[in-house]
Amino acid sequence: MTPVDDDAPPASAAASLALIRREQANAAKTIALNPLLYYVPWGLAWLIGFGLLFLRYGPGGKVFVNLPAWLPLATLFALMALAMVSTILVSVVRGRGVEGRSSWQGSAYGFTWFFAFTGLGMTMNHFSRLLPEPERGLLWACASVGLVAAMYMCGAAIWVSRDMFVFGAWLTVINVAGVAAGAGWHSLIISLGGGGGLILLGVLFHLRGKRG
């Protein structure tokens, strides 16, 4: 039997191309992580957090469930903090061994989220105190969701993702619809359309990755 030399070069151009594609697929499997780990924690945070806000601070100040006044926002922020920790951990693991342009794109995009929300928070904190309580909450919510929508569409341009762009546009539409409907309704719309949409997007990417 003739021994096989594993270090021998490919016998033809076709074999070289097949080898390159095989190595690319192996590299992709190494750095790819389940998109559910990105999108489901944020989707649950919005679904539950904004859902509780709707139940406690409904349209026209109606209380559907007599929750403690502090509970909805505390729950939303706590779940968002957990989602942020999950995102950071997943990003760190995924970024290992990735260098060059892709690494720069991911880092720049991540820091953009931080700086954008820091600037938004400081601006909103300065001006929102001039508004009545219900309108203050609506302003914070619609501005935050609007910024998330814009960031998703920017991410779509970076990674050439039609799904991310569609979701960002969807968030913009339901955010505007929620503002038009008024305080209370906005929370319900973002809970179902935003939180549910994030979970659906994660499932979509997960299934697409399995098919791939």
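Preceding block: the structure.
Described in the following lines is the structure provided in the data block. Along each chain, numbering runs from 1 in the same order as the chain's sequence is written. Only residues with pLDDT of at least 70 get local features here, since the model is predicted, and only at 80 or more are side-chain atom pairs given and counted; chain-wide, interface and lining totals rely on the full set of residues. Values shown for side chains rest on all heavy atoms present in the structure; no hydrogens or waters enter the calculation.

**Some remarks on the side chain of S187**
Heads up, the rule is: What counts as a helix is a DSSP run of H or I of at least four residues, what counts as a strand is a run of E of at least two, and both are numbered from the N terminus. Here a residue-residue contact requires only that any non-hydrogen atoms of the pair lie within 4.5 Å.
Relative to the elements of secondary structure, S187 occurs in helix 7 (residues 185–211). Other than its neighbours up to four places away in sequence, S187 contacts F50, L53 and F54.

**Some remarks on the environment of M80**
Residue position: M80 is located in helix 3 (residues 71–95). Discounting residues that sit within four places of it in the chain, M80 has contacts with W42 and A45.

**A short note on the packing of helix 6 (residues 162–181) against helix 7**
When two helices pack together, their arrangement is captured by the angle between the axes and the distance separating the axes. Spelled out, the test is: Geometry is summarised by axes, namely lines fitted to C-alpha atoms with helices restricted to the contacting stretch, and by angles between N-to-C directions that run from 0 to 180 degrees. Orientation categories follow fixed angle ranges, with anything under 35 degrees roughly parallel, anything over 145 roughly antiparallel, 65 to 115 roughly perpendicular, and all other angles oblique. Put simply, Ala, Val, Leu, Ile, Met, Phe, Trp, Tyr, Cys and Pro go in the nonpolar bin, Asp, Glu, Lys and Arg in the charged bin, and everything else, Gly too, in the polar bin.
One can describe the packing of helix 6 onto helix 7 by two numbers: an axis separation of 8 Å at closest approach and a directional angle of 170°. Taken together, the axes of helix 6 and helix 7 are roughly antiparallel relative to one another. Residues D163, M164, F167, W170, L171, I174, N175, A177, G178, V179 and A181 of helix 6 form the contact with helix 7, whose participating residues are W185, H186, I189, I190, G193, G194, G197, L198, L201, L204, F205 and R208. In the contact of helix 6 with helix 7, the residues fall into 15 nonpolar, six polar and two charged.

**Looking at the side chain of T87**
For T87, the location among the structural elements is in helix 3. When near neighbours in sequence (up to four residues on either side) are disregarded, T87 contacts Y38 and W42.

**Observations concerning helix 4 (residues 101–127)**
Formally: Helix span, expected: 1.5 Å multiplied by one less than the number of residues in the helix. Exposed residues in this analysis have more than 50% of their type's maximum accessible area, buried residues have under 20%, and partly exposed residues fall in between, with area computed by a 1.4 Å probe over protein chains only.
Between its first and last C-alpha atoms helix 4 spans 39 Å; for 27 residues at 1.5 Å apiece the expected length is 39 Å, and the two agree. Listed in full, the buried residues belonging to helix 4 are Q105, Y109, L120 and M124. Against helix 5 (133–159) and helix 6 lie the buried residues of helix 4.

**Let's talk about the packing of helix 4 against helix 5**
Here is the rule we go by: Here is the rule for handedness: rotate from the far helix to the near one, and if that takes an anticlockwise turn smaller than a right angle the crossing is left-handed, while a clockwise turn gives right-handed.
Running from N to C, helix 4 and helix 5 cross one another at 160°; their axes reach a closest spacing of 11 Å. Comparing the axis directions of helix 4 and helix 5 gives the class roughly antiparallel. Taken as a pair, helix 4 and helix 5 cross one another with a handedness that is right-handed. Residues Q105, G106, Y109, T112, W113, A116, F117, L120, G121, M124 and N125 of helix 4 pack against L139, W140, A143, S144, L147, V148, M151, Y152, G155, I158 and W159 of helix 5. Among the residues forming the contact of helix 4 with helix 5, the class breakdown is 15 nonpolar, seven polar and no charged.

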